[in-house]
Amino acid sequence: MNYRHAFHAGNFADVLKHAVIAQCLEHLKKKDKPFRVIDTHAGIGLYDLTSDQARRSPEFKDGIARVLDAERPDAVEAALAPLLGVVADLNRSRGLEAYPGSPEIAARLARPADRIQLCELHQEDARTLDQRYAKDAKVKVEARDGYKALKAIVPPREKRGLVLVDPPFEDRDEMAHMAEAIMPALEKWLTGTFVFWRPLKDIWAAERFDVGLAEWLISEQRIEPEKILRADLWVRDLSTEGKLAGAGVVIVNPPYTLEAQLLALLPWLAETLAQGEGAGWRLDGAIGEGSLMVDEF
Ligand SMILES: C[S@@+](CC[C@H](N)C(=O)[O-])C[C@H]1O[C@@H](n2cnc3c(N)ncnc32)[C@H](O)[C@@H]1O
């Protein structure tokens with residue numbers, strides 16, 4: 001396990017993923033009943049952008065830093081508000097020095113009665129997480145394989161909740177591992193909101209994952225087709241070699257407000273975060289049946 005998220009914290013892919021989960025959490029808070037958050041690949045929770053790792057690979061400068069510097073139309077501001085609220089709280093009276101990982105976003109947006117379960121396989125990172133949330137009674141950290149844990153944890157006591165599956169994709173077969181682990185979990189908790197992150201390095205592998213998942217969910221009426229949403233962003237032509245050019249999320253049971261928010265956010269992100277020719281985005285709610293909306297610069 002060589003992947004260290006500290007090199008990538010706050011990049012374009014984090015901004016999209018974190019904007020989505022922050023909106024999902026805000027939506028869950030609209031009802032009084034407590035909810036459960038399960039983060040299968042948690043990372044260390046909070047990232048120091050002045051650290052050696054962030055300085056050696058300052059991807060946040062082309063991600064969250066650009067977002068904060070840009071003029072944001074009202075609809076974009078609304079879509080980003082829950083995430084930017086957390087970022088602002090972490091950087092009070094300072095410039096941009098800290099960026100939240102998914103655990104920190106959940107810990108800051110959830111209420112005391114909600115429950116957050118974080119899995120992290122890297123032992124040192126799991127210890128860091130454990131120390132960070134030792135005094136937060138709603139957070140439980142488990143130093144274990146998130147895929148195995150997911151099968152055991154779902155369905156939780158709470159009827160509603162959010163599962164984030166955000167693996168490092170170091171392994172060539174990660175997409176297949178993810179599909180294998182999530183299907184039984186979805187089957188057991190069809191009312192949960194699931195967010196699956198995947199890179200657009202191999203566009204066909206991502207397509208196989210998305211279409212396979214959508215077809216499986218729609219078959220036997222597990223989920224209605226409109227309850228699956230896919231949001232992708234690429235900051236330069238996807239065929240360019242080198243650093244990650246594109247990534248996105250597949251969301252099962254998204255909040256009904258999310259599609260409109262993403263429709264405002266994605267074109268703005270593609271323009272604001274572009275790193276060259278060919279930046280673009282897509283948002284679609286009928287995976288495998290032809291895209292609902294596709295745009296490109
Ligand atoms: C992309 S990072 C997670 C970032 C985090 N979700 C966020 O948004 O801030 C992936 C993390 O998964 C961890 N990891 C790798 N394999 C794992 C597994 N099977 N179970 C749990 N964690 C794993 C890595 O150590 C790494 O910290």
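Up top you'll find the structure we're talking about.
Fair warning: this is a prediction, and the values are worked out from it, not measured in the lab.

About the cut-offs
Residues numbered from 1 in each chain as written. Predicted model: local features only at pLDDT ≥ 70, side-chain atom pairs only at ≥ 80, totals over all residues. Heavy atoms only, no water. Helix = DSSP H or I, 4+ residues; strand = E, 2+ residues; numbered from the N terminus. Rg over C-alpha atoms; globule rule 2.2 N^0.38 Å. Buried < 20%, exposed > 50% of the residue type's maximum accessible area, 1.4 Å probe, protein only. Contact = heavy atoms within 4.5 Å. Areas by Shrake-Rupley, 256 points an atom, 1.4 Å probe, with all protein chains shown as cover. Lys, Arg positive; Asp, Glu negative; His and termini not counted. Charge placed at Lys NZ, Arg CZ, Asp CG, Glu CD. Salt bridge = Lys/Arg side-chain N within 4 Å of Asp/Glu carboxyl O. Expected span 1.5 Å × (residues − 1). Bend = angle between axes of the 7 residues up to and from the residue. Axes fitted to C-alpha atoms, helices over the stretch in contact; angles between N-to-C directions. Parallel < 35°, antiparallel > 145°, perpendicular 65-115°, else oblique. Nonpolar A, V, L, I, M, F, W, Y, C, P; charged D, E, K, R; others polar. Near = heavy atom within 4 Å. Polar contact = N/O pair within 3.5 Å; in protein donor to acceptor, adjacent residues only side chain to side chain. Phe/Tyr/Trp six-rings, centres within 6.5 Å; stacked < 30°, edge-to-face > 60°. Lys NZ or Arg CZ within 6 Å of the ring centre and 35° of its normal. Left-handed = near helix turned anticlockwise from the far one by under 90°.

Caption draft 1: Looking closely at the overall build of the chain. Each helix and strand in the chain was counted, giving 10 helices and 11 strands. Computed over the C-alpha atoms, the radius of gyration of the chain is 18 Å, within 12% of the 19 Å expected from 2.2 N^0.38 for a compact globule of 297 residues. Reported as C-alpha extents along the three principal axes, the dimensions of the chain are approximately 50 × 40 × 40 Å. By the burial criterion, 55% of the 297 residues in the chain qualify as buried. Of the contacts formed within the chain by residues at least 6 apart in sequence, a portion of 74% connects residues at least 24 apart. Total accessible area on the chain is roughly 13400 Å²; 50% of this is exposed by carbon and sulfur atoms. Averaging the locations of the 39 positively and 48 negatively charged side chains of the chain gives two centres separated by 7 Å.

Caption draft 2: A look at the pattern of salt bridges. Inspection of the entire model under this criterion finds 24 salt bridges. The residue Glu-26 makes a salt bridge to Lys-29 at a minimum N-O spacing of 3.0 Å. Relative accessible area serves as the criterion here: at 25%, Lys-29 is assigned to the partly exposed category. Overlapping salt bridges bring together Arg-198, Glu-207, Asp-210, Arg-230, Asp-232, Arg-282 and Asp-284 as one network.

Caption draft 3: Main features of helix α4 (residues 74–90). Relative to the 24 Å expected for 17 residues at 1.5 Å per residue, α4 spans 23 Å between its end C-alpha atoms, a close match to the ideal helical length. The sharpest bend along α4 comes to roughly 65°, located at Ala-81, with the proline Pro-82 sitting one to four residues further on. The inward-facing, buried residues of α4 contact α1 (12–28), β2 (46–48), α3 (64–69), β3 (98–100), α5 (102–109) and α10 (258–272).

Caption draft 4: Expanded view of the packing of helix α7 (residues 146–153) against helix α8 (residues 174–188). Between α7 and α8, the least distance of the axes is 9 Å, while the angle of their chain directions is 10°. By the angle class used here, α7 and α8 are roughly parallel. Seen from α7, the contacting residues are Tyr-147, Leu-150 and Lys-151; seen from α8, they are Glu-174, His-177, Met-178, Ala-181, Ile-182, Pro-184, Ala-185 and Lys-188. Residue composition of the contact of α7 with α8, by class: seven nonpolar, one polar and three charged.

Caption draft 5: Region of interest: the site of the ligand. Close to the ligand lie 21 residues, the nearest being His-18, His-41, Glu-120, Gly-146 and Asp-166. Contacts to the ligand include Leu-121, whose backbone N or O atom sits 3.2 Å from a nitrogen atom. Gly-146 places a main-chain nitrogen or oxygen 2.8 Å from a nitrogen atom of the ligand. Contact with the protein chains covers 95% of the free accessible surface of the ligand, which is 610 Å². Partitioned by chemical class, the residues of the shell around the ligand number five nonpolar, nine polar and seven charged.

Caption draft 6: Inspection of the packing of aromatic side chains at higher detail. Overall, the coordinates contain four aromatic pairs when judged by the stated rule. Taking 5.8 Å as the distance between ring centres and 65° as the angle between the ring planes, the aromatic pair formed by Phe-169 and Trp-197 counts as edge-to-face. Note that Phe-169 is positioned in the loop between β6 (161–165) and α8 and Trp-197 in strand β7 (residues 193–199), a separation of 28 residues in sequence. With respect to class, Phe-169 is no different from Trp-197; both count as buried. By way of ring pairs, the aromatic residues Trp-189, Phe-194, Phe-196 and Phe-209 are connected into one cluster. Over the ring of Trp-197 we find Lys-17, and its NZ or CZ is 5.6 Å from the ring centre.

Caption draft 7: Spotlight on unusual backbone geometry. A cis amide bond links Val-154 with the next residue in sequence, Pro-155, at an omega value of -5°. Position of Pro-155 among the secondary structure elements: in the loop between α7 and β6.

Caption draft 8: Geometry of the packing of α1 against α5. With their axes 10 Å apart at the nearest point, α1 and α5 run at an angle of 25° to one another. In terms of orientation, α1 lies roughly parallel with respect to α5. Crossing of α1 against α5: the hand is right-handed. On the side of α1, the interface is formed by His-18, Ile-21, Ala-22, Leu-25 and Glu-26, while α5 contributes Ser-102, Ile-105, Ala-106 and Leu-109. The class makeup of the residues in the contact of α1 with α5 is six nonpolar, two polar and one charged.

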